[in-house]
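Summary of structural features
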Amino acid sequence: MTNKETPKPRRPRQSSTRKPSTGKSASSKSGKSQSAKSKRAAAARPGWGRRIWSLSWKLGLILIAAMTIYSIYLDQIIARKFEGQKWHLPAQVFSRSMALYPGAAVSHAQLIAELKLLGYRKVANPRQVGEFSASMTKVDLWRRPFLHPQGSQEAQRVMITFDSQGVASVARSSDHRELAVFHLEPVLLDRMITGDGEDRLFVATDKIPQAIVDALILVEDRSFYEHHGVNPFAILRAAMVNISAGRTVQGGSTLTQQLAKNFFLSSERSIIRKLREALMAIIIDFRYDKDEILEAYLNEVYMGQDKSRAVHGMGLASQFYFGRPIAELTLPQQAFLVAAIKGPSYYNPWRYPERAQERRDLVLRLLMESGQLSVAQYKAAVESPLGVRKASKPVHQKLPAFFAVVRGELSRRFGDSLLQQSGIKVYTTLDPLAQEAAEQAVRSTMKNLEQRDKALQVGMVVTDKYSAGIAAMVGDKVPSYQGFNRAVEIRRPIGSLIKPFVYATALTHGDKYTLATPLKDEPITLTNSHGKTWSPQNVNKQFSGEVPLMTAFKKSMNVPTVNLGMAIGTDAVATTLAKSGWNEAIPEYPSMLLGAVNGSPLMVAQVYQTLADNGRYRQLSAVTHVLDADNQPLSASQRATVQAIPVASDFLVQHAMTQVVQSGTAARLGQAFPGVTLAGKTGTSNDSRDSWFAGFDERNVAAVWVGLDDNGKTSLYGSSGAMAVYQAFLKQRAPIGLRRTPVSGVVPGYFDAKTGVAKEKGCNNVVALPALSESYHPAKNCGDPLSWWQKLMGG
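Summary of the structure given here.

The rules behind each value
Residues numbered from 1 in each chain as written. Predicted model: local features only at pLDDT ≥ 70, side-chain atom pairs only at ≥ 80, totals over all residues. Heavy atoms only, no water. Helix = DSSP H or I, 4+ residues; strand = E, 2+ residues; numbered from the N terminus. Buried < 20%, exposed > 50% of the residue type's maximum accessible area, 1.4 Å probe, protein only. Contact = heavy atoms within 4.5 Å. Areas by Shrake-Rupley, 256 points an atom, 1.4 Å probe, with all protein chains shown as cover. Phe/Tyr/Trp six-rings, centres within 6.5 Å; stacked < 30°, edge-to-face > 60°. Salt bridge = Lys/Arg side-chain N within 4 Å of Asp/Glu carboxyl O. Pairing = 2+ DSSP bridges. Axes fitted to C-alpha atoms, helices over the stretch in contact; angles between N-to-C directions. Patch = residues over 30% accessible without salt bridge, like charges linked within 9 Å, V, L, I, M, F, W, Y side chains within 5 Å. Polar contact = N/O pair within 3.5 Å; in protein donor to acceptor, adjacent residues only side chain to side chain. Parallel < 35°, antiparallel > 145°, perpendicular 65-115°, else oblique. Nonpolar A, V, L, I, M, F, W, Y, C, P; charged D, E, K, R; others polar. Left-handed = near helix turned anticlockwise from the far one by under 90°.

This brings us to the overall build of the chain. Looking only at helices and strands, the chain has 23 helices and 31 strands in total. Expressed as a percentage of its 795 residues, the buried residues of the chain come to 50%. Counted over contacts in the chain with a minimum sequence separation of 6, partners at least 24 positions apart contribute 67%. Of the accessible surface of the chain, which amounts to about 40200 Å², a share of 53% is contributed by carbon and sulfur atoms.

In this section: the packing of aromatic side chains. Geometry of an aromatic ring pair is reported as the spacing of the ring centres plus the angle between the planes. Counting across every chain of the model gives 16 aromatic pairs. Ring geometry for Phe-320 versus Tyr-321: centroids 4.9 Å apart, planes at 65 degrees, classification edge-to-face. For the residue pair Phe-320 and Tyr-321, the accessibility class agrees, reading buried in each case. The rings of Phe-320, Tyr-321, Phe-322, Phe-336 and Trp-350 are connected pair by pair, giving a single aromatic cluster.

Close approach of charged atoms lets side chains of opposite charge pair. Under the counting rule described, the total for this entry stands at 30 salt bridges. In this structure, Glu-584 and Arg-491 form a salt bridge, with 2.8 Å as the shortest nitrogen-oxygen distance. Linking Glu-584 in the loop between helix H18 (570-579) and strand E23 (598-599) with Arg-491 in the loop between strand E17 (469-474) and strand E18 (492-493), this pair joins segments that are 93 residues apart in sequence. On the basis of relative accessibility, which here comes to 33%, the residue Glu-584 falls in the partly exposed class.

What follows covers the sheet that holds strand E13 (residues 302-306). One key point about sheets: their strands pair by backbone hydrogen bonds, in either a parallel or an antiparallel sense. On the basis of which strands lie adjacent, the open sheet formed by three strands has the order E12-E14-E13 and mixed pairing. Two strands in the sheet have a free side with no partner beyond their single neighbour: strand E12 (198-200) and E13. Strand-to-strand, the axes of this sheet are offset by a mean angle of 35 degrees, without reference to chain direction. Against the sheet, helix H9 (residues 314-322) engages E12, E13 and strand E14 (309-312), with an angle of about 45 degrees to E13.

Another aspect to go through is a nonpolar patch on the surface. A cluster of nonpolar side chains, contributed by Trp-53, Trp-57 and Leu-61, occupies part of the molecular surface with about 390 Å² of accessible area. Residue placement: Trp-57 occurs in helix H2 (residues 48-83).

Structurally, the position occupied by His-227 is in the loop between helix H4 (210-220) and helix H5 (232-245). Residue classification places His-227 among the buried positions, given a relative accessible area of 7%. In this structure the side chain of His-227 is engaged in a polar contact, spanning 3.0 Å, whose partner is the backbone nitrogen of Gly-229. Setting aside anything within four residues of it in sequence, one finds His-227 in contact with Asp-221, Thr-254, Thr-256, Asp-285 and Lys-290.

Glancing now at the environment of Gly-315. In this fold, Gly-315 is placed in helix H9. Spatially, the C-alpha atom of Gly-315 lies 9.4 Å from that of Lys-207, the residues being 108 residues apart in sequence. Leave out the neighbours within four places in its chain, and Gly-315 touches Leu-201, Val-203 and Ile-326.

Taken in spatial order, the four strands make up an open sheet running E11-E1-E15-E25, and their pairing is mixed. One side of each edge strand has no neighbouring strand; the edge strands of this open sheet are strand E11 (188-192) and strand E25 (623-627). If you compare each strand with its neighbour and ignore which way they point, the axes differ by 20 degrees on average. Bridge count for strand E1 (residues 91-94) against strand E15 (residues 425-428) is three bridges, and the pairing is parallel. In the strand pairing of E15, Val-93 is matched with Val-426.

A few words now on unusual backbone geometry. Although it is not a glycine, Ser-715 adopts a positive phi angle of roughly 60 degrees. Here Ser-715 is to be found in the loop between strand E29 (700-707) and helix H22 (722-732).

Let us look at the packing of helix H17 (residues 558-568) against H18. As a packed pair, H17 and H18 sit with axes 6 Å apart at the nearest point and diverge in direction by 95 degrees. Classed by the angle they form, the pair H17 and H18 counts as roughly perpendicular. Across from Gly-565, Met-566 and Ile-568 in H17, the residues of H18 making contact are Thr-570, Asp-571, Ala-572 and Val-573. Of the residues assigned to the contact of H17 with H18, the class counts are four nonpolar, two polar and one charged.

This brings us to the packing of helix H14 (residues 432-449) against H22. Remark: H14 packs on H22, axes separated minimally by 8 Å, with the N-to-C direction vectors making an angle of 130 degrees. On the basis of their axis angle, the class for H14 and H22 is oblique. Judged by the twist between their axes, the crossing of H14 over H22 is right-handed. For the pair formed by H14 and H22, the contact residues are Ala-434, Ala-437, Ala-438, Gln-440, Ala-441, Val-442, Ser-444 and Thr-445 on the first element and Ala-724, Val-725, Ala-728, Phe-729 and Gln-732 on the second. Considered class by class, the residues forming the contact of H14 with H22 number nine nonpolar, four polar and no charged.

Purely geometric stuff here, so don't read any function into it on its own.
Structure (structure tokens):
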């Protein structure tokens, strides 16, 4: 029999309704079974440490991924800033560049005033750029290098000599070679900033003095060239110092962190912001070399507040605090710029000079202790004053009237978007010395005239006779007022200022009219097509019967002028005025001959510029050149030149205008400047509502209006109102007498004083007046010749 294992009986399946066990043995077995299962389940589950580790590395991966993505995002932001346009550089607006050449109408005193305005230092012997010396007739100048619209100008030393006419010669000091023309750098008038209020003047690192760089690193970030954007040791050291002091007394930020904050972040104090700042600093340091980071910092750092403008960067700070380029600062001045970084408001040298000097001396001491200054250099530096400019001297000019014209011209010539471009340079025609003289003349004269009426107002335009550029403009008796520009926007009857164009039109017909031609001065009544009559009167309400043309002109007589104008035709006068640059409608009725033509000081300056420029019309301009951010000129249409009045006829008119100043209605002006040949014309509208004057010397043309905005009566004549402003202008800006150079087609003429008939020089009772050569035919027989005694006395 085979020995087989007896099979165990199968346990019957329990029904879904299970009865509770009642035996002790069953309960014990069940408990043991459950305990074993629990132990096996526990053995299968990981421990808490393993669970935390698993969670940690997963979160770590997520955090690393997030940081990587965020870093890439920040990297793109940083790259756009650093590799694109770091800043929107304001449009720089410059004055005209003073040109010096033999015969230039610039006096010795005016050149020195210009050099002082540019921040040149007067010394006994110039040793470096930015210095000059002066004797009675010479100026030894070491000019700075600068960007001229026609090309870069190198630093150069020259000797400039003067005579009674202006500049006699300009010679290069190195080889004594005389120069045809020599330019001074233009004055930076303003920077047209955008809405963010930030103003800066970019300077490349290699143009910044090494002492500033050394001091900056020494004071702000000694391990700048060693760390990678963040310096943990500096942060720890600052934390220890601050904890010990119980307040924040030291910062641990690197220059790179400060740059990151200034470029991309706010001044919010929070851990998140500091972490973001540190991360950006690390990215910046990884992507860019130290010199590029340093250049960005030196041009970004906040250095002070110029009213509503935030001064950023060392380049502009140098001009703001010291009024000169950064390359010309002394060592103590350079140290102050670094000192001011910590707190420009706290170390304001005008408000807190002792505090500012103490901080500057600390920077100097650190330089000495680091071996970058000798003890002797340190002692000399700390004993020097701060040397900041006068607080009252503006670092940018308030020229609302002129800048309004500049903006309008830029818009017309280059488009509305030009000023939104970064880094453009606009070269204008403004003469800073002429502008200053005009403003002072307006202030002083209007203060006196306000005793008559406090509501009196003024508009003034000064042009450069040689360039046809606007040299100065004042649109209000408060020159800095930004509002209604009376130099451009008013339209008032110009009165007798139109008369030179009446006479110029007549004198082009030399066969009919000369300066000696008699004109009727008798009552006259004119009737228009509607039956209305007009009877012009002379100012004195009297008539002389007949007067020479010259007398009628210099005495500004109305009736002879109307008779002359009607004889040549109002249309002919209107044509002369329009050719001379009058760009608005001219009514061709008789009253226009006495100035019933509405205009502005700018419009008057335009046509008188033509008279002063030998009859040549060139449209007045405020802008000469515009360079883009790469210093490339922007193309613009050239101004047309038209001979509006024949040169010879214009010469006769200019002569008549000099007689106005010498013995006519502007004689008081001539008396104020004896021995100086000036040309001018007074003008007064009906009922003395508008006082006008226009005149010129060898260099400048000026047009002035004085009146009331409500067109009320002023009781002022041209000579008592507007001419007073011009006279005050010339007191501030000494005039250069007109050089009455003979022109082709004009000869010395002699005319019978009564009949105006051309005579020989030796004839009796003749007056000497210039005449057109083509129509001057003196009679051979002059009647009674001069006696020997008359000849001896000059006729």
